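Below are the chains, spelled out letter by letter.
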Amino acid sequence: MEIKTDFLVIGSGIGGLSFALKVCEWGDVVIVTKKEDSESNTNYAQGGIASVLAKDDSFDIHIEDTLRAGDGLCDPEVVRRVVEAGPGCIKELIRIGVRFTRKRGKEKEFDLGLEGGHSKNRVVHAADLTGKEVENSLLRAVKAKKNVKILEDHIAIDLITQHHLKDYTRKPEEKIKCWGAYVLDKEKNQVLTCLSKLTLLATGGAGRVYLHTTNPSIATGDGLAMAYRAGADVANLEFIQFHPTALYHDKANSFLISEAVRGEGGILRLNSGETFMEKYHPRKELAPRDVVARAIDHELKKRGDSCVYLDITHLDQKFIKLRFPNIYGKCLSLGLDITKDPIPVVPAAHYICGGVVTDLEGRTHIENLYACGEVACTGMHGANRLASNSLLEAIAFAHFSAGSAKGKLSSMSDFSFPPIPSWSLEGVFDQQEWVIISHNRDWMQKFMWDYVGIVRSNRRLKQAKSRISILLDEITQFYKINPITYDVIELRNIATVAKLIIESALKRKESRGLHYNVDYPHKDDKNWLTDTVLTSEEI
Ligand SMILES: Cc1cc2nc3c(=O)[nH]c(=O)nc-3n(C[C@H](O)[C@H](O)[C@H](O)COP(=O)(O)OP(=O)(O)OC[C@H]3O[C@@H](n4cnc5c(N)ncnc54)[C@H](O)[C@@H]3O)c2cc1C
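Residues numbered from 1 in each chain as written. Predicted model: local features only at pLDDT ≥ 70, side-chain atom pairs only at ≥ 80, totals over all residues. Heavy atoms only, no water.

A. Just the layout of surface pockets, in detail. Approximately 560 Å³ is the volume found for the second largest pocket. Lining the second largest pocket are 22 residues, and of these Asp158, His164, Trp423, Tyr479 and Arg492 lie nearest its centre. At the level of secondary structure, the elements contributing two or more residues to the lining of the second largest pocket comprise strand 8 (154-159), helix 5 (222-230) and helix 12 (458-481). Residue contributions to the lining of the second largest pocket peak at 3 residues, all from helix 5. Grouping the constituent residues of the lining of the second largest pocket by class yields 11 nonpolar, 6 polar and 5 charged. (1 Å grid on protein atoms, 1.4 Å probe; cavity = no way out; pocket = protein on both sides within 12 Å on 5 of 7 lines; lining within 4 Å. Points joined across faces, edges and corners; volume = space filled by probe spheres on them. Helix = DSSP H or I, 4+ residues; strand = E, 2+ residues; numbered from the N terminus. Nonpolar A, V, L, I, M, F, W, Y, C, P; charged D, E, K, R; others polar.)

B. Region of the structure containing the packing of helix 2 (residues 59-70) against helix 3 (residues 76-95). Between helix 2 and helix 3, the shortest axis-to-axis distance is 10 Å and the interhelical angle comes to 135 degrees. Taken as axis vectors, helix 2 and helix 3 run oblique relative to one another. As helix 2 packs across helix 3, the resulting crossing turns out to be right-handed. Here helix 2 contributes Phe59, Asp60, His62, Ile63, Thr66 and Leu67 to the contact with helix 3, which in turn contributes Pro76, Val79, Arg80, Val83, Glu84 and Pro87. (Axes fitted to C-alpha atoms, helices over the stretch in contact; angles between N-to-C directions. Parallel < 35°, antiparallel > 145°, perpendicular 65-115°, else oblique. Left-handed = near helix turned anticlockwise from the far one by under 90°. Contact = heavy atoms within 4.5 Å.)

C. How the structure looks around the pairing of strand 1 (residues 2-10). Burial within strand 1 is extensive, with 7 of its 9 residues counted as buried. Judged from the 4 bridges that link them, strand 1 and strand 2 (residues 29-32) form a sheet pairing that is parallel. Opposite Ile10, over in strand 2, you have Val32 as the bridge partner. The parallel pair strand 1 and strand 2 is bridged by helix 1 (residues 14-23), and the resulting crossover is right-handed. (Buried < 20%, exposed > 50% of the residue type's maximum accessible area, 1.4 Å probe, protein only. Pairing = 2+ DSSP bridges. Right-handed = clockwise from strand over helix to strand, strands pointing away.)

D. Representation of the sheet that holds strand 19 (residues 533-534). With respect to topology, 4 strands assemble into an open sheet ordered 18-16-11-19, the strand pairing being mixed. The sheet is open, and its two borders are formed by strand 18 (376-377) and strand 19, each paired with just one other strand. In this sheet, strand 18 lies alongside strand 16 (residues 355-357) in parallel orientation, the contact comprising 2 bridges. Each residue of the ladder has a partner; that of Val356, found in strand 18, is Ala376. Against the sheet, helix 5 engages strand 11 (234-235), strand 16 and strand 19, with an angle of about 40 degrees to strand 16.

E. Just helix 4 (residues 130-143), in detail. With 14 residues, helix 4 ought to run about 20 Å at 1.5 Å a step, and its terminal C-alpha atoms sit 20 Å apart, in line with that. Counting buried residues in helix 4 gives 10 out of 14 residues, a clear majority hidden from the surface. (Expected span 1.5 Å × (residues − 1).)

F. Geometry of the sheet that holds strand 12 (residues 240-247). With antiparallel pairing, 4 strands are arranged side by side in an open sheet as 12-15-14-13. If you trace the sheet from one side to the other, it starts and ends with strand 12 and strand 13 (267-269), each paired once. In this sheet, neighbouring strand axes are inclined to one another by 45 degrees on average, regardless of whether the strands run parallel or antiparallel. With 3 bridges joining them, strand 13 and strand 14 (residues 308-311) adopt antiparallel strand pairing. Bridge pairing links Leu268 to Leu310 in strand 14.

G. Expanded view of the packing of aromatic side chains. The final tally for this structure, using the stated rule, is 11 aromatic pairs. With a centroid separation of 6.3 Å and 80 degrees between ring planes, the pair formed by Phe100 and Phe110 is classed as edge-to-face. Placement of the pair is Phe100 in the loop between helix 3 and strand 4 (102-103) and Phe110 in strand 5 (residues 106-110), with a sequence separation of 10 residues. As far as the burial class goes, Phe100 and Phe110 line up, both buried. For the pair Tyr210 and Phe242, a centre-to-centre distance of 5.4 Å together with 80 degrees between the ring planes defines the contact as edge-to-face. Pair noted here: Tyr210 is in the loop between strand 10 (190-201) and helix 5 and Phe242 is in strand 12, with a separation of 32 residues, a long-range link. Phe242 carries the same exposure label as Tyr210, and that label is buried. Aromatic ring contacts, followed pair by pair, group Phe7, Phe19 and Tyr370 into a single cluster. One Lys or Arg, Arg81, reaches over the ring of Phe400 and ends 4.1 Å from the middle of that ring. (Phe/Tyr/Trp six-rings, centres within 6.5 Å; stacked < 30°, edge-to-face > 60°. Lys NZ or Arg CZ within 6 Å of the ring centre and 35° of its normal.)

Structure below.
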């Protein structure tokens, strides 16, 4: 089956929906999303969106904080554009119905949170359910548009480029073009050819490459892997942010204890009740995330403990329930009253700073392909993302990309699609060896956690590289001869992204931002003040 549209948007988080809402003014939009429409990293964001809204704040201070966190690798022009776009983005979200929390008794003023690495209170939030509020409002707005179609339970397999044309051989210097994507309709078990003049990748992050993560199950790095396979450059994938405080509990699947808990005065303690952050950073609990995550990792490894504790029992009980209703409710459902008991926490993979390389308008190296949100590497985050800058970047770049796509679409009035073949089932039959999928997935996530985690070494990275090569070969073979399924698509993508992360980590022979290698424990500005870029030809 074939679908034709002006804009194909892959992903229905903040990036995809914000873009769709803009571009539907100029053409028809199809959004494909691999689960339910709201299921996304966006939906789980708690802390909020960083933006300059307070009187004592300024764009320059927000820019300075972002550049400091990025440790030399942010693109200052991108940072300025995104930070300056912030207040406008917040206004637009309010316009479509997002209800941000206001100060008690001062309804006109936002209740601005303080998070690690920020030198001013600038995080606008909807209690501790910001993501859900934003996601629901965007979905409502998008669903009100007649020319936007959302296809749930549709997972993109690969981008369509000239490599899919019959008898095609690439000419030297020829630019790769994107004409949409092959998409599996899970319910009908049928692959659609979704043809589009312009395509946006907004598939989010890749936390599920790791054993412990705060990310929901959709975050398997699909867009990154698809773009890389299609020939786009990807960059800075060694910079994985490990959130210091995921809830440590058997029954808490990936539940995050927001940075805002430390922002409001939460104190980290060891099993013994002792504090420890004062040994690691002058800002203690409010040090940048990588510092806090490494400090916890160090204390856990040193003592053989399974978790540390985040203590807010000294705060007013009423305040805790009002400020953190989601965290309070979730913990209570697990038998933990956070107004009385310290919260057991461990670090977990949270955010990938690198991604598909884009320019200032969200364009990738592939013609007619845009990327925004966590899948993209725009230059905003450099070697380390400042807390709550990612929702801001996603929405700002969705707007920049939409502006660019408008111009591009209007120049395509004579456009016609080349003869794109349907998805081929040649040589495919069920080998009945599906155990390979779950086994390989578990194994990969575990060795990525142990060998390519918070603290790395050359030896472990090299071992990870040889393991992933064997696995990727095995998975690619499996993919070629078995019927296409949701699980196979994800497994192939996880393996591809794991390989790209390992390659990037091996390339960088220094420690900077979120990448820490014990064999090169220092920063080396002379040789490494540069992005780690991988292109398909390189691997
Ligand atoms: C627990 C948690 C808390 C966070 N808190 C904050 C915060 O307070 N502030 C902040 O700034 N950031 C926060 N972040 C990060 C932020 O939420 C994400 O970076 C951001 O939401 C990413 O938005 P996105 O649109 O790029 O991707 P997502 O919101 O993840 O959306 C990706 C979409 O792509 C779809 N998709 C993926 N692959 C495919 C495929 N192959 N085919 C079809 N569809 C596909 C998914 O189903 C989903 O709809 C948090 C993240 C987590 C996990």
